[in-house]
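Tertiary structure, described
Residues per chain are reported as follows:
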Amino acid sequence: MGTQDKEFDITKSLKIVEKLKSQILSDVANLFSGMVDYNEQSSSDRSDTLANIIILTYLLSKRLGIPYSKLDMKIKNKLKLGILESSNEKEWFADLTALLRHLDGGYENSRRL
């Protein structure tokens, strides 16, 4: 691979990273502006925007050299730490525990039973 090819790949990768960053910011702004007047944005629109943000975050992670599995592991570790730190706050504890269970497949397994 020649120097020009490497420069082209780096430039292409940087452009993709910038596009992902701007799309994440745009989606976050749309989500927040929709939350100002809660009735203007449907639940489907909000879940669509949140799904976009999560997908874009995973794609950005990959472009930054972080494998999906490592990102998943970081998320789970942060949830576990949050569970330990929020044991006094029942609502946070329940939310974090439910999310960790969901990511570990516990939600799907319990639905099948």
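As the structure is a computational prediction, the values presented were derived from the model and not from experiment.

The subject of this paragraph is the overall build of the protein. For the protein, the count of helices and strands is five helices and zero strands. For the protein, the N- to C-terminal ordering of α and β elements is α-α-α-α-α. Relative to its full complement of 113 residues, the protein shows a buried share of 19%. A separation threshold of at least 6 residues defines the contact pool for the protein, and within that pool the share at least 24 residues apart is 39%. As presented, the protein carries roughly 9000 Å² of accessible surface, and 58% of it is formed by carbon and sulfur atoms.

Before going further, it helps to examine helix α3 (residues 68–85). An ideal rise of 1.5 Å per residue puts 26 Å on 18 residues; α3 measures up with 26 Å between its terminal C-alpha atoms. Within α3, burial applies to Leu71, Leu79, Gly82 and Ile83. Along the axis of α3, the buried residues cluster in a sector spanning 115°; they form a single face. Relative to its buried face, α3 has exposed residues pointing more than 90 degrees away, namely Ser69, Leu84 and Glu85.

A few words on the packing of helix α2 (residues 43–63) against α3. Direction vectors running N to C along α2 and α3 enclose 120°, while the axes themselves pass 9 Å from each other. Taken together, the axis directions place α2 and α3 in an arrangement best described as oblique. The chirality of how α2 crosses α3 is right-handed. Contacts between α2 and α3 involve Thr57, Tyr58, Leu59, Ser61 and Lys62 from the first element and Tyr68, Leu71, Asp72 and Ile75 from the second. Classifying every residue of the contact of α2 with α3 by side-chain character gives five nonpolar, two polar and two charged.

This part takes up the confidence of the model for the protein. Put simply, the protein has an average pLDDT of 87, and 86% of its residues get 70 or more. When the elements of the protein are averaged for pLDDT, helix α5 (residues 106–112) gives the smallest value, 54, and α3 the largest, 96.

Conventions and cut-offs
Residues numbered from 1 in each chain as written. Predicted model: local features only at pLDDT ≥ 70, side-chain atom pairs only at ≥ 80, totals over all residues. Heavy atoms only, no water. Helix = DSSP H or I, 4+ residues; strand = E, 2+ residues; numbered from the N terminus. Buried < 20%, exposed > 50% of the residue type's maximum accessible area, 1.4 Å probe, protein only. Contact = heavy atoms within 4.5 Å. Areas by Shrake-Rupley, 256 points an atom, 1.4 Å probe, with all protein chains shown as cover. Expected span 1.5 Å × (residues − 1). Arc of directions from axis to C-beta. Axes fitted to C-alpha atoms, helices over the stretch in contact; angles between N-to-C directions. Parallel < 35°, antiparallel > 145°, perpendicular 65-115°, else oblique. Left-handed = near helix turned anticlockwise from the far one by under 90°. Nonpolar A, V, L, I, M, F, W, Y, C, P; charged D, E, K, R; others polar. pLDDT = per-residue confidence, 0-100.

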